[in-house]
Amino acid sequence: MNPNWTVSRRIVLCAMLLAASVTRARAAAPVEIQLESGHSIVLSVPHLRRLAVGDSRIAGVAGVTGAQVVVSGRAPGRTSVIVWFGTELRTYEVVVTEQSLGPIATMIRAALNEPGVSVTPVGHSILVHGTVDDSARYAALGDVLLRFQKLDTAQKYSIVDAVTVVHPFGSLDANLTRAIGPNDIHFDPDGKGNVVVTGHVTDRVHAQLILEQARGLASAYLSGAGTVIDRITVATVSQVNVKVRIYEVDKTALDQLGLRLQSATVDPNTGAVVLGTPSFTLLEMAKGVGKALTVGAFTRITQLAPTLDLLVSRGDAKLLSEPDLLTMPGNEASFLVGGEIPVPVSSTLGAVTVIYKEYGVRLKVTPTILGNGSIETKINPEVSDLDFADGVSLNGFVIPALKTSRLATDVVTASNESIVLGGLLRRVEQRTITKIPVLGNLPILGPLFRSTRYLHSETDVIFVMTPQIVTR
């Protein structure tokens, strides 16, 4: 046998075996390994010769004792690990996932202790879903979730709150029913800390009663700046008609009127006011606490109008105006008896414009219907007069000043009950000069031929208002 031919056959055979070995190693399918970040796995690899990893940021590899390989998960992702051992090559596909949220979800579920709430880990989040009975339980649930969220300093997971409240206001509906009886009223949150009251009632008085009760019962469910929002519909429209009578009464007659009112009595047959003679004794003043100034029987102010009419007929008073102001509850109504005066105003560029200022007798009223059927009325009367004595002279013209008296009050009365306001004084001073022509104008001797008469009058403007609820 030819020796060269024998050597050649051996070389070819070795090459074929080596090629078959490489082909077999490459043909082996990659082995998938799943790890959580922070966890490791040990692979048994006899006759370990070499290691390689695709992305060391995702997985780390290390050989141990020449027969084992430790693969560690570092960050979520996917990479390859190649191991050479003996005459073989093996590839591993390493999938690193986030640490399991199962233990944390179990802790949250135990801390909540709500049978209607489920806690489920989904990816990098923990879903909290289900229902709770009222807002108090929901607030406690939110407090627990907030504490677990603060524990996640590395922000490895997020908590998704998908819990709904079955009864946001607890027993508020039942408490309102106990307070006012059966009703068709409901309470709803608006997401901004307010309470929305909805439903249907017969009239505005009933609606106002419900709102007053709701403001007290729902106070615990309101935010710091939260309010009760009225969304109640009514079957009828309620307005407030304020009948106003404005009198100008002589101050002396008014003082006498005030004294007589305390001793006035009502005729049981005619209902007319009978003015008695004021008188009292020390014995009557000592009848009891709070009765020291009681003089005769007190007459309600609803009987005042006939007395004022009597003063008008005597010439001690005159009726200035008698308007009726009809307005919706909570809206302002006003009127003015008087006029406007032109007032020149100079601008910064030297141009002069004219504005008009109102004067006279003005009244502003804002009535509101209360839950018990009464009417709360905010009243702002004002009386102003032209004052030429304190006016300003401009280019030969006198621009008068305004003497103004105003007050503001808030009273509660029943429907058709009158309100009387006084104390807005009007003072008029007149000076009348009588002189002999020519002689009365002499520089030194003139005062000897003329006389001056001063006339001073003082009146009080009285407002008599009667609010009345008008329902249609």
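All values reported here derive from a predicted model rather than from experimental measurement.

Asker: Honestly, helix H5 (residues 204–217) in this entry has me stumped. Any pointers?
Answerer: One full turn of an α-helix is made of 3.6 residues, so residues set three or four places apart face in the same direction. Compared with an ideal rise of 1.5 Å per residue, which puts 14 residues at 20 Å, H5 spans 20 Å between its outermost C-alpha atoms and is within 8% of the ideal. Considered for burial, the residues of H5 that qualify are Arg204, Ala207, Gln208, Ile210, Leu211 and Ala214. The arc enclosing the buried residues of H5, seen along the axis, measures out at 160°, which places them on a common side. Looking at the buried positions of H5, the neighbouring elements they touch are helix H4 (172–180), strand E11 (185–189), strand E12 (195–201), strand E13 (228–234), strand E14 (238–250) and strand E20 (352–369). Between the side-chain oxygen of the N-cap and the backbone nitrogen of Val205 there are 3.3 Å, and the N-cap of H5 in question is Asp203.

Asker: Looking at this model, I keep getting lost on the pattern of salt bridges. Mind explaining?
Answerer: A side chain with one charge may pair with a side chain of the opposite charge, provided their charged atoms come close. Considering all chains together, one arrives at ten salt bridges under this definition. Between Arg78 and Glu32 there is a salt bridge whose closest N-O contact spans 3.5 Å. A residue pair is termed long-range when its members are at least 10 positions apart, and Arg78 in strand E6 (residues 77–85) and Glu32 in strand E1 (residues 31–36) qualify at 46 residues. In this structure, the salt-bridge partner of Glu93 is Arg78, at a minimum N-O distance of 3.7 Å. In this pair, Glu93 sits in strand E7 (residues 88–97) while Arg78 sits in strand E6, placing the two residues 15 residues apart along the sequence. Through salt bridges with shared partners, a single ionic network connects Glu32, Arg78 and Glu93.

Asker: Honestly, the nonpolar core in this entry has me stumped. Any pointers?
Answerer: The nonpolar side chains of a soluble globular protein tend to be buried with one another. Counting residues in hydrophobic clusters, the biggest one holds 21 residues, and the most contacted among them are Val244, Leu363, Val365, Phe463 and Met465. The residues contacting Met465, other than those within four sequence positions of it, are Val242, Lys243, Val244, Leu363, Val365, Ile379, Glu417, Ser418, Ile419 and Leu421. In this structure, Ala105, Val128, Leu145 and Ile159 belong to the second largest nonpolar core, which totals 16 residues.

Asker: I tried to follow the sheet that holds strand E3 (residues 48–53) on my own but got confused; where do I start?
Answerer: Sheet strands pair by backbone hydrogen bonding; their relative direction is either parallel or antiparallel. Here we have four strands laid out as an open sheet, ordered E1-E7-E6-E3, and mixed in their pairing. Strands with a single pairing partner mark the edges of an open sheet, and in this sheet they are E1 and E3. Neighbour-to-neighbour, the strand axes of this sheet turn through a mean angle of 25°, independent of strand direction. In this sheet, E6 lies alongside E3 in antiparallel orientation, the contact comprising five bridges. From the neighbouring strand, Val53 faces E6, where its bridge partner is Val81.

Asker: Looking at this model, I keep getting lost on unusual backbone geometry. Mind explaining?
Answerer: Most peptide bonds take the trans form, and the phi angle of most residues other than glycine is negative. Backbone geometry places Thr65, a non-glycine residue, at a positive phi of 60°. Among the structural elements, Thr65 can be located in the loop between strand E4 (59–64) and strand E5 (68–73). You will see that Asn113, though not glycine, has its phi angle at about 55°, which is positive. Following the sequence through the fold, Asn113 ends up in the loop between helix H2 (102–112) and strand E8 (117–122). We classify Asn113 as exposed; its relative accessible area is 64%.

Basis of the calculations
- Residues numbered from 1 in each chain as written.
- Predicted model: local features only at pLDDT ≥ 70, side-chain atom pairs only at ≥ 80, totals over all residues.
- Heavy atoms only, no water.
- Helix = DSSP H or I, 4+ residues; strand = E, 2+ residues; numbered from the N terminus.
- Expected span 1.5 Å × (residues − 1).
- Buried < 20%, exposed > 50% of the residue type's maximum accessible area, 1.4 Å probe, protein only.
- Arc of directions from axis to C-beta.
- Contact = heavy atoms within 4.5 Å.
- Polar contact = N/O pair within 3.5 Å; in protein donor to acceptor, adjacent residues only side chain to side chain.
- Salt bridge = Lys/Arg side-chain N within 4 Å of Asp/Glu carboxyl O.
- Core = buried A, V, L, I, M, F, W, Y, C linked by side-chain atoms within 4.5 Å.
- Pairing = 2+ DSSP bridges.
- Axes fitted to C-alpha atoms, helices over the stretch in contact; angles between N-to-C directions.

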